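# Fold and contact review
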Amino acid sequence: MAAMVGSSARRGIPMYSKNLTSKKKYDFEDILEERRQSSDVRYAMRCYTPVVYKELSPCKPSAIKTIVLHSEQVQYVIKELSKEMGESPDIVQEEAAEILDEMAHSMHMGAIRFFAFTLSKLFKCLFKSICVNEEGIQKLQQAIQEHPVVLLPSHRSYVDFLLLSYLLFTYDLAMPVIAAGIDFLGMKVVGELLRKSGAFFMRRSFGGNKLYWAVFAEYVKTMLKNGYAPIEFYLEGTRSRTAKTLVPKFGLLNIVMDPFLKREVFDIYLVPISISYERVLEESLYAHELLGVPKPKESTSGLLKARRILSEDFGSIHVYFGQPLSLRTLAAGRINRCPYNLVPRHIPQKPSEEIQEFVSDVAYKIELLQIENMVLNPWILISTVLLQNLPAINFELLVEKTLWLKDLTQSFGGFLDWPDNVCANKAVGSSLSLHSNIASLVNGQVVLNDTEMGPGVAGESVFKEALSILLCGSYRNQLLNVFVRPALVALALQMTHSSRKGTFLPDFITLQI
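Scope of this entry: the structure provided in the associated data block. (Residues numbered from 1 in each chain as written. Predicted model: local features only at pLDDT ≥ 70, side-chain atom pairs only at ≥ 80, totals over all residues. Heavy atoms only, no water.)

Attention now goes to the environment of Ser 88. Mapped onto the elements of the fold, Ser 88 is located in the loop between α5 (72–85) and α6 (89–103). By relative accessible area, Ser 88 is classed as partly exposed at 31%. A sequence separation of 10 residues divides Ser 88 from Ile 78, and the C-alpha atoms of the two residues are 9.5 Å apart. (Helix = DSSP H or I, 4+ residues; strand = E, 2+ residues; numbered from the N terminus. Buried < 20%, exposed > 50% of the residue type's maximum accessible area, 1.4 Å probe, protein only.)

This part is about the packing of α6 against helix α11 (residues 210–225). Between α6 and α11, the least distance of the axes is 10 Å, while the angle of their chain directions is 50 degrees. It follows that α6 is oblique to α11 by the angle criterion. Between α6 and α11 lies a crossing whose hand is right-handed. Packed against α6, whose contacting residues are Val 92, Glu 95, Ala 96, Ile 99, Leu 100, Glu 102 and Met 103, the element α11 presents Leu 211, Tyr 212, Val 215, Phe 216 and Tyr 219 at the interface. For the contact of α6 with α11, the per-class residue count stands at 10 nonpolar, no polar and 2 charged. (Axes fitted to C-alpha atoms, helices over the stretch in contact; angles between N-to-C directions. Parallel < 35°, antiparallel > 145°, perpendicular 65-115°, else oblique. Left-handed = near helix turned anticlockwise from the far one by under 90°. Contact = heavy atoms within 4.5 Å. Nonpolar A, V, L, I, M, F, W, Y, C, P; charged D, E, K, R; others polar.)

As a further point, take the sheet that holds strand β11 (residues 439–442). If you walk across this open sheet you meet the 3 strands as β10-β12-β11, and the pairing is antiparallel. Edge positions in the sheet fall to β10 (392–394) and β11, since each has one partner strand and no second. Direction aside, the axes of adjacent strands within the sheet are offset by 25 degrees on average. For β10 and strand β12 (residues 445–448), the ladder comprises 3 bridges, and the chain directions are antiparallel. For Ala 392, the partnering residue across the bridge sits in β12 and is Val 447. The strands that helix α18 (residues 395–411) touches are β10, β11 and β12; relative to β10, the one it contacts most, it runs at about 85 degrees. (Pairing = 2+ DSSP bridges.)

Right, let's get into the pattern of salt bridges. In total, this model carries 19 salt bridges according to the counting rule given. Measuring nitrogen to oxygen at the nearest pair gives 3.0 Å for the salt bridge that ties Glu 289 to Arg 241. Residue Glu 289 is found in helix α13 (residues 283–290), and its partner Arg 241 is found in the loop between β6 (231–232) and α12 (251–261); the two are separated by 48 residues along the sequence. In this structure Arg 241 comes out as buried when scored by relative accessible area, which is 17%. The partner of Glu 312 in a salt bridge is Arg 279, with the nearest N and O atoms 2.7 Å apart. (Salt bridge = Lys/Arg side-chain N within 4 Å of Asp/Glu carboxyl O.)

The end-to-end C-alpha distance of helix α21 (residues 480–496) is 24 Å, a good match for the 24 Å that 17 residues give at a rise of 1.5 Å each. In the structure, α21 departs most strongly from a straight axis at Pro 486, where the bend amounts to approximately 25 degrees. Within α21 the residues assigned to the buried category are Asn 481, Val 482, Phe 483, Val 484, Pro 486, Leu 488, Ala 492 and Thr 496. (Expected span 1.5 Å × (residues − 1). Bend = angle between axes of the 7 residues up to and from the residue.)

To continue, consider the nonpolar core. Of all hydrophobic cores here, the largest spans 82 residues; its most connected members are Leu 163, Val 319 and Leu 386. Top element by residues in this core is helix α9 (residues 159–170). It accounts for 8 residues. Counting 57 residues, the second-largest nonpolar core is a separate cluster that includes Val 92, Ile 231, Leu 253 and Leu 369. (Core = buried A, V, L, I, M, F, W, Y, C linked by side-chain atoms within 4.5 Å.)

A word on helix α7 (residues 109–126). The end-to-end C-alpha distance of α7 is 25 Å, a good match for the 26 Å that 18 residues give at a rise of 1.5 Å each. Within α7 the residues assigned to the buried category are Ala 111, Ile 112, Arg 113, Phe 115, Ala 116, Leu 119, Ser 120, Phe 123 and Leu 126. Lining the buried residues of α7 we find α2 (31–35), α3 (40–45), β2 (129–133), α9 and α10 (190–196).

Spelled out as structure tokens, the structure:
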């Protein structure tokens, strides 16, 4: 987060926007409302005719693999490596084909309909509502028809990529092809189902493997150039365990920009997507990982064991599709694409410092837009107050302080999903009930669970108390972006003991950097 604050200050990008206060609940539609009133079988088997890119040349996933394998770039790298290693080009070609078989997706309508049915059942069990801004969906629908599209969602849960595919199917939009970690491929049955519904698999590290990089890059660019489907990946690279946005990874963003820089496509739309959870499915797992407990390996058996969560309530999800950003517009006046014309397109080039800086700026801009469009909920305010009043706080005082923080949050531009026509006591009580695994109301006092345990092992008591604090902290962290700039202003004023702009402004600028 500190890195993002510094970067945003250098680029002059606001950490929050007054436009957020203009967002209203009626901008969002709860898609589960209709699902609860109609047949899931009929929903999954309905006629699916998505809008597609106007210049799309229809081709099967197997045809894409052939195009990639015989592309000039991959063939160039194969010849270079065969010279370096002293091996036959055919042997290197076979290795490239094996890499492609490992990573490539295969889109099967049967798998997509299976997921549509299954996810419909699961989401209705797990969530009270899934709210989507319809205006964003309409803009995405238009963007998909005009130019190749890259979907860039925030990443807080494994639910993210399942949810986005489910939403695009619901709104009759083209199913995305999704960059997924190779770990999922080890999940029996599930891995292949994901592949057949649009996932392509990438290794966590390429380890300087030139052939793998060439095949992977060409595979992504081929899908993008053909407008085959929207490409989806996460700038953060992995799920955030703290709910703070992670510093972006630039590898995939470099790849998807390459066709534009080489004038192989006229434009590319980058779509920031913000996914806000009232309660995150993996919240307990994240807290354990932060305390040093090893992350469990993804497996089908682990997924089946996790079915006990189906009896729990995880509240609401808000998905905000941001304004599609034209890469051509972002690059106008900043990037000179002429040097790319001086070298054949199939010869790999190291990005210039100018390009690297541009990619970095775009990545941070996308992430800041993701943060800006996050929807806050009452528990985020409650957890913030709880952490400032350990070990316990009177319920009435908690309500009073939460309402004060609510007004402050909204005055600084935060978009808060606060229940309508419900008294404050009931709103806070309902949120405590949803997060009863973290805090409880005992004799008029709100306490974090396991902060007052009876006789027992001291180490276990400390561990459980730390879990509750970390769980609260992960929700509190979602509020930081709203207050970071006002906090810096307050700190600068305190340092200079003056409210004159010319006096405290230098300190404010220094603190941002």
